[in-house]
Amino acid sequence: AVLQASRRGFTIDNEGVVYRPDGSVQKLSKTNKGYLKWAVSIPKDGKSSGSSCESIPLKVHQFQAYKKFGDTFFDVPLVRHLDDIKTNNNIKNIELGTHRSNFLDMSEEKRNKFITAGTKASLEARKARGELNLTNKDKKKIDRLSKKGENVMAICRAIRPNEIITSNSSIR
């Protein structure tokens, strides 16, 4: 969608303001994850007039990254907001990277919340599959270890230290 938007004449300034081909400011909305976006209308048959169009969503930070890095934008897995603020699309705040670099880029507080949420989700999935039979004491220990940022395997070992636990094991 970034190529189509660029070809259609959309532009973006260094602050992250998107302009329509006629020079007016493009109205933006937010994705369900909080990123700014707009919809680019693309003719279905490739012609510019007299054809039906399809609307393709485009995130502002991706368009800004394409402006900043050109075709290199297509060679990396994701676009990073250096300050973790999803609506800050200033060109100085946008970098290309990997999921690992994005994770390491997060504030410690956000990184710990991310780890805790992932750990709890994984344990809830195991519980739903009937792989976990836990006591209240176990649940308190899980909460405490999750808040400390421990991963699922470490938590499982802490709960059942006398069992050999692998990634395929279940706790009963």
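Just so you know, these numbers come straight off a predicted model, no measurement behind them. Residue numbers here run from 1 along each chain, matching the order of that chain's written sequence. It should be noted that, the model being predicted, local features are given only for residues of pLDDT at least 70 and side-chain atom pairs only at 80 or more, the latter also being counted only at that level, while totals for whole chains, interfaces and linings use all residues. With hydrogens and water excluded, all non-hydrogen atoms of the structure serve as input to the side-chain values.

1. Some points on the nonpolar core
Okay, step 1: Buried Ala, Val, Leu, Ile, Met, Phe, Trp, Tyr and Cys residues form a nonpolar core when they are joined through side-chain atoms within 4.5 Å. Each residue gets one of three labels from its accessible area relative to the maximum for its type: buried under 20%, exposed over 50%, partly exposed in between, using a 1.4 Å probe on protein chains only. Formed by 18 residues in total, the largest nonpolar core has its most connected members in Ala5, Phe10, Trp38, Val40, Leu58, Phe63 and Phe73.
Okay, step 2: Comment: elements are numbered from the N terminus, with helices defined as DSSP H or I runs of at least four residues and strands as E runs of at least two. Elements that contribute at least two residues to this core include exactly helix H1 (2-8), strand S4 (36-43), helix H2 (60-69) and strand S7 (94-97).
Okay, step 3: Dropping the residues within four chain positions of it, Val40 is found in contact with Ala5, Arg8, Phe10, Glu54, Ser55, Ile56 and Leu58. It only takes one pair of heavy atoms within 4.5 Å for two residues to be counted as in contact.

2. Focus on H2
Okay, step 1: Buried within H2 we find Val60, His61, Phe63, Gln64, Ala65 and Tyr66.
Okay, step 2: Positioned one or two residues after H2, Gly70 has a phi angle of 65°, which is positive.

3. Quick look at the packing of aromatic side chains
Okay, step 1: We call Phe, Tyr and Trp rings a pair once their centres come within 6.5 Å, taking the six-membered ring for Trp, and we label the pair stacked below 30 degrees between planes, edge-to-face above 60, and tilted otherwise. The full count for this structure, using the stated rule, is 5 aromatic pairs.
Okay, step 2: Within the aromatic cluster, the residues linked to one another by ring pairs are Phe10, Trp38 and Phe63.

4. A short note on the confidence of the model for the protein
Detailed conclusions should not be drawn from predicted coordinates in areas where pLDDT is low.
Okay, step 1: Confidence scores here are pLDDT values: one per residue, from the predictor, ranging 0 to 100. Taken residue by residue, the protein gives an average pLDDT of 82. The fraction at 70 or more is 80%.
Okay, step 2: The model gives residues 164-172 a pLDDT under 50, and that stretch makes 20 contacts with residues more than four places away or in other chains.

5. Observations concerning the sheet that holds strand S5 (residues 53-59)
Okay, step 1: In this scheme, strands are said to pair when DSSP sees at least two bridges between them. Spatially, 3 strands are ordered S3-S4-S5 in an open sheet, and the strand pairing comes out antiparallel. Only two strands of the sheet have a single neighbouring strand rather than two, namely strand S3 (29-30) and S5.
Okay, step 2: Pairing between S4 and S5: 7 bridges, direction antiparallel. Bridge assignment links Lys37 to a residue of S5, and that residue is Lys59.
Okay, step 3: The angle between two axes is taken between their N-to-C directions and runs from 0 to 180 degrees, where each axis is a line fitted to C-alpha atoms and a helix contributes only its stretch in contact. Where H2 meets the sheet, its contacts fall on S4 and S5, and the angle it forms with S5 comes to roughly 80°.

6. What about helix H5 (residues 136-147)?
Residues spaced three or four apart along an α-helix point in a common direction, a consequence of the helix completing one turn every 3.6 residues.
Okay, step 1: Across its 12 residues, H5 extends 17 Å between first and last C-alpha, which sits within 8% of the 16 Å expected from 1.5 Å per residue.
Okay, step 2: Of the residues making up H5, those classed as buried are Asp138, Ile142, Leu145 and Ser146. Down the axis of H5, the buried set is contained in an arc of 100°. They therefore lie on one face. Seen from the open side of H5, the exposed residues pointing more than 90 degrees away from its buried face are Asn136, Lys137, Lys140 and Lys147.
Okay, step 3: Positive phi appears at Gly149, one or two residues downstream of H5, with a value of about 90°. By this rule, a helix spans an expected 1.5 Å times one less than how many residues it contains. The arc under discussion is defined with respect to the helix axis, by the directions toward the C-beta atoms.

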